[in-house]
Amino acid sequence: SGAIALDIGCGEGRFTRLMSKGGALVTGIDSGPQQIRRALAQPRVAGETYSIGMAEALEAGDGSVDLVAIFNSLHHFSAMDRALSEAARVLRQGGWLYIAEPLAEGPSFEVAQLYNDETQVREQATEAIGRASAYGLTPVTETRYLSDGKHASFEAYRDNAVAIDPDRARSFADREPEIRTRFESLGDRRPDGWHFSQPIRVNLFRKA
């Protein structure tokens, strides 16, 4: 409560809103204008704000932030080590860096792999996290859990996948029948929609 926080690579702002609901003063940052528009379209839960920006060049001042969250987005950054260095720069002494990264395994990954294979970039994210101590970030804990992703239908899944990155639209269209088949074979269909598990690794660091 009262912590100044950045959610870097915020997407449509789900994690931003979660921290804001907990009492933090949060700014969600994303390089994609379409993602910021999606975030702004959601009802505000408190005083969260959003800004277009790059993880590799944050506008926040040195030592001005209590908490930096990089939730499911490190592997999207063009310069991961630079992004971690920037996170360390803006954190105050004793501040926290929370990184959650999806692993290259599980039903959710296997469906997306057909149109957006992130095997290599997720491995690169793991390697970058292993170098975080070079920026004065002390490892505190590493945890793994299963995230449960839900989609109302295949069409809703497709629309969300393309909205995250419009460049995926052609790849998705080229293989849509195959993607649908894998979606329906790997998904767990329940009354409220299709569910897909995704292993997530969380690394918590503190600035020395």
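That block above? That's the structure.
Residues numbered from 1 in each chain as written. Predicted model: local features only at pLDDT ≥ 70, side-chain atom pairs only at ≥ 80, totals over all residues. Heavy atoms only, no water.

All right, on to the overall build of the chain then. Looking only at helices and strands, the chain features 8 helices and 8 strands. Projected onto its principal axes, the C-alpha coordinates of the chain cover approximately 50 × 35 × 30 Å. Across the 208 residues in the chain, those meeting the buried criterion constitute 42%. Within the chain, contacts between residues at least 6 apart in sequence are counted, and of these 73% link residues at least 24 apart. A total of about 10,300 Å² of accessible surface is found on the chain, and carbon and sulfur atoms cover 50% of it. A gap of 4 Å separates the mean positions of the 24 positive and 29 negative side-chain charges of the chain. (Helix = DSSP H or I, 4+ residues; strand = E, 2+ residues; numbered from the N terminus. Buried < 20%, exposed > 50% of the residue type's maximum accessible area, 1.4 Å probe, protein only. Contact = heavy atoms within 4.5 Å. Areas by Shrake-Rupley, 256 points an atom, 1.4 Å probe, with all protein chains shown as cover. Lys, Arg positive; Asp, Glu negative; His and termini not counted. Charge placed at Lys NZ, Arg CZ, Asp CG, Glu CD.)

What follows covers the packing of helix α3 (residues 80-90) against helix α5 (residues 119-130). Direction vectors running N to C along α3 and α5 enclose 40°, while the axes themselves pass 9 Å from each other. It follows that α3 is oblique to α5 by the angle criterion. In terms of crossing hand, the pair formed by α3 and α5 is right-handed. Within the contact between the two elements, α3 uses Met 80, Asp 81 and Leu 84 and α5 uses Val 121, Gln 124, Ala 125, Ala 128 and Ile 129. By residue class, the composition of the contact of α3 with α5 is 6 nonpolar, 1 polar and 1 charged. (Axes fitted to C-alpha atoms, helices over the stretch in contact; angles between N-to-C directions. Parallel < 35°, antiparallel > 145°, perpendicular 65-115°, else oblique. Left-handed = near helix turned anticlockwise from the far one by under 90°. Nonpolar A, V, L, I, M, F, W, Y, C, P; charged D, E, K, R; others polar.)

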